[in-house]
Amino acid sequence: MAKSNGCDKCNDITGASTLDLLNQDLAKQVRTAYDRIEDRGMSACLFGSGGTCCRNCNMGPCQIIDGVESMVGICGATADTVAARNFARIIAAGTASHTDHAREMVRGFIATAKGETPHEIKDVDKLHKMAKIFGIETEGRDKNEIALELGEKALAEFGQQEGELAMVKRAPAKQQEIWRKVGVVPRGIDREITEMMHRTHMGVDQEYQNIMLQAARCALADGWGASMLSTELTDIMFGTPTPKRAIVDLGVLKEDHVNVTVHGHEPLLAESLCLAAEDEEILALARKVGAKGVNLAGVCCTGNEILMRRGIPVAGSFIQQEMVLATGAVEAMVVDVQCVMQSLAQVVKGKHTDIITTNYRAKMPDAIHIQFEEHEAYNSAKEILKHAINNFKKRREFYIPKDKKLDVVVGFSHETINYMLGGRFRASYRPLNDNIINGRIRGVGAIVGCEHYKYADDVHFKIAVELIKNNVLVLATGCAAQALGRRGLLRPEAATEYAGDGLREVCEAVGMPPALHVGSCVDNSRLLIALTEMVNEGGLGEDISELPACGTAPLYMSEKAVAIGQYFVSSGAHVIFQNLPITGAKKFTEFIKGGMKEVYGACWDTEEDPIKLAQKMIKAIDGKREALGINK
Ligand code: CUV
Ligand code: SF4
């Protein structure tokens, strides 16, 4: 890594271990996103950044300047149309990613119900709850039979053409009414994505408000459809997360073990690797090459999935994926889909590490491909691990940062939050609502999404501390949650160290951290349910838009984060990002940041400065408190 790189730049964002690693000779040759941004020598295109570059047809590409008559598109498209189309396509791509992930999970779920995988139906309680939502008879039926019917009904939701997605009716009644009135209830998951792509084709929908109606429907198909299906069925199969201690740090790699890092998103592969890593044959092979065993560690959202359910440590988040490999201590990085940098294969050049792609949908030059077969999950996983074990003896120079391992408490599914606050005998959100009403807790702030190279300081940490200090309970997912973990905010002690008096009191009484790790990106659907339960518990208004709650994905990188943001806004939750690609279109920006509020009771906002962003969140929360008459 280049000298200047890092040290000041990724100092805070990636934590002390990264800094330690960067100072080692072996890491200095590795090139990362931080180096590449410096080497590019040009800044991002203003049209692209502002959302007004259109290449939707071959008369263009057209760069549009708002308000300059000669600078509309060749077809006459205005800045507002182009920015809306681009924004909507980001949402469609994000939704498609969650959808394709969810589809694989549902297929794995069906295979599991049929007894064709090494997994089993673990959470029968949740199975029954979901069966009820999907109108499936449970009385006197075997769990696998129920699961099979649930899986098939879930799979049908992707290709459904008419009607409403089943889980829409989980939302607060008033929210559903709004959606029906404006016509944005998702009909079928794939249909909404396809229609979005069609409507943004050249010469179709050219009214930004109308484009955004479909964008909302598409995003809702993600939040209340694809993502929620993925979360719930994954929970039923692999267990609903419960609180557990774990570690998030580069230092989780082990000198005397075969280190296998799992990176990507779909936990079918990762769960199979977890099972296979305990296999006697695998352990024997590991011992034969002189290792004590196989050490699995997660990266990105796959990391979150196995962290939440199994307490498997996380080696690094998105922006650290190259640094994990820079240690020279990883035998294989096993990847599936999403958020995998193409640079990984270059980072390991000359090292013994293999990048193993495992999914036919996602291959990379210079990586090794071992197809993960879901019907042969266990054997596929063993084959992958055997490959890694063979690399162990080839390990040469390596460096694992030591003694900086940070403890975290994770596993806060919405059921857990329920149980934790409500107690053993009456799991409920009542105590949370009561604490919000009596003012001990000011409100709820969600910090979700990715990280990227752009900001030197730890944006997530600063926002979280500002919120916690002001008695806002933080719920976190994705790489943002890992970032908070690296900075110590996912420990119960953090309440004593950082929280305002009211929040501290509540956290100390229950023994919970002031920032709760709720899961991966698809698990943002847990937040939709948590918010809904708060509404249903009473005392805080009739729908999500009345709750003292606000969300942010400050360092968003992925298109998925925009889809998530939009489904929160369309569900009534105010969302603030650091920036959005809309600035080149004035009326569209006004609509996104204001007009949308009249439709959904919530809108988007942007703020670059992390502290000011947090203060905006607090202001939004206070506004809701005021309206509820509880802002004493
Ligand atoms: Ni799905 S989407 S960088 S791994 S959170 Fe991490 Fe989370 Fe963003 Fe990707
Ligand atoms: Fe240009 Fe219109 Fe074609 Fe877009 S659709 S590239 S604005 S001509």
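Remember, it's a predicted structure, so these values are computed and weren't measured experimentally.

Basis of the calculations
- Residues numbered from 1 in each chain as written.
- Chains lettered and ligands numbered in written order.
- Predicted model: local features only at pLDDT ≥ 70, side-chain atom pairs only at ≥ 80, totals over all residues.
- Heavy atoms only, no water.
- Helix = DSSP H or I, 4+ residues; strand = E, 2+ residues; numbered from the N terminus.
- Donors = N, O, S within 2.8 Å, 3.2 Å for Na, K, Ca; no water.
- Buried < 20%, exposed > 50% of the residue type's maximum accessible area, 1.4 Å probe, protein only.
- Pairing = 2+ DSSP bridges.
- Contact = heavy atoms within 4.5 Å.
- Axes fitted to C-alpha atoms, helices over the stretch in contact; angles between N-to-C directions.
- 1 Å grid on protein atoms, 1.4 Å probe; cavity = no way out; pocket = protein on both sides within 12 Å on 5 of 7 lines; lining within 4 Å.
- Points joined across faces, edges and corners; volume = space filled by probe spheres on them.
- Nonpolar A, V, L, I, M, F, W, Y, C, P; charged D, E, K, R; others polar.
- Domains from an automatic or database assignment.
- Near = heavy atom within 4 Å.
- Buried area = accessible area lost by both parts, 1.4 Å probe.
- Salt bridge = Lys/Arg side-chain N within 4 Å of Asp/Glu carboxyl O.
- Polar contact = N/O pair within 3.5 Å; in protein donor to acceptor, adjacent residues only side chain to side chain.

### Looking at the environment of His128
Structurally, His128 is set in helix α6 (residues 124-133). Once the C-alpha coordinates of His128 and Val30 are considered, the two residues, 98 residues apart in sequence, prove to be 50 Å apart.

### As for the coordination of the nickel atom of ligand 1
In this structure, His265 (NE2), Cys301 (SG) and Cys521 (SG) serve as the protein donors to the nickel atom of ligand 1, at separations of 2.3 to 2.6 Å. Motif for the nickel atom of ligand 1, donor spacing along one chain: H-x35-C-x219-C. Remark: Cys521 occurs in the loop between β13 (515-519) and α23 (524-537) and Cys301 occurs in helix α13 (residues 300-310); sequence separation between them is 220 residues. The burial state of Cys301 is the same as that of Cys521; both residues are buried.

### Some points on the sheet that holds strand β9 (residues 368-369)
Read from one edge to the other, the open sheet built from 6 strands follows the order β6-β5-β4-β7-β8-β9, with strand pairing classed as parallel. At either margin of the open sheet sits one strand with a lone partner, and together these are β6 (314-316) and β9. As judged from the 2 bridges shared by strand β8 (residues 354-357) and β9, these two strands associate in the parallel manner. Across the sheet, the residue bridging to Ile356 is Ile368, located in β9. α13 contacts β4 (258-263), β5 (294-299) and β6 of the sheet and is inclined by roughly 120° relative to β5.

### A word on the layout of surface pockets
Counted as a void, the largest pocket has a volume near 1200 Å³. As for the largest pocket, its lining consists of 36 residues, and the residues nearest its centre are Gly48, Ser49, Lys454, Tyr556 and Pro581. With 4 residues, helix α3 (residues 33-40) is the single largest residue contributor to the lining of the largest pocket. Looking at the lining of the largest pocket residue by residue, the class counts come to 15 nonpolar, 14 polar and 7 charged. Considered as a void within the structure, the second largest pocket measures approximately 310 Å³ in volume. Forming the boundary of the second largest pocket are 17 residues, of which Val30, Val347, Lys349, Gly350 and Lys351 lie nearest the centre. Here the lining of the second largest pocket is composed, by residue class, of 3 nonpolar, 6 polar and 8 charged. Counting only domains with at least three residues in the lining of the second largest pocket, you end up with domain 1 (3-54) and domain 3 (249-394).

### Overview of the site of ligand 1
Surrounding ligand 1, one finds 13 residues, the nearest of these being His265, Cys301, Cys339, Cys450 and Cys479. Of all elements in the fold, only α13 and α20 (478-486) reach the threshold of two or more residues within the shell around ligand 1. Its residues assigned to classes, the shell around ligand 1 shows 8 nonpolar, 4 polar and 1 charged. Shared between two domains, the shell around ligand 1 holds at least three residues of each, these being domain 3 (249-394) and domain 4 (408-628).

### Some thoughts on the domain arrangement of the chain
Assigned domains within the chain: domain 1 (3-54), domain 2 (71-238), domain 3 (249-394) and domain 4 (408-628). A C-alpha centroid distance of 32 Å is found between domain 3 and domain 4. Contact with domain 3, which involves 16 residues of that partner, is made by 20 residues of domain 4. Together, the buried faces of domain 3 and domain 4 total about 1400 Å²; carbon and sulfur atoms form 64% of this surface. When the area that domain 3 buries against domain 4 is broken down by residue, the three leading residues are Asn304, Met308 and Phe318, summing to 38%. Our count for the contact surface shared by domain 3 and domain 4 stands at 0 salt bridges. For the interface between domain 3 and domain 4, the tally reads 12 residue pairs in polar contact (both at pLDDT 80 or more). Only α13 and β6 provide two or more residues apiece to the side of domain 3 that touches domain 4. When residues of the side of domain 3 that touches domain 4 are assigned to their parent elements, the largest contribution, 7 residues, is made by α13. Looking at the side of domain 3 that touches domain 4, its residues break down into 8 nonpolar, 6 polar and 2 charged.

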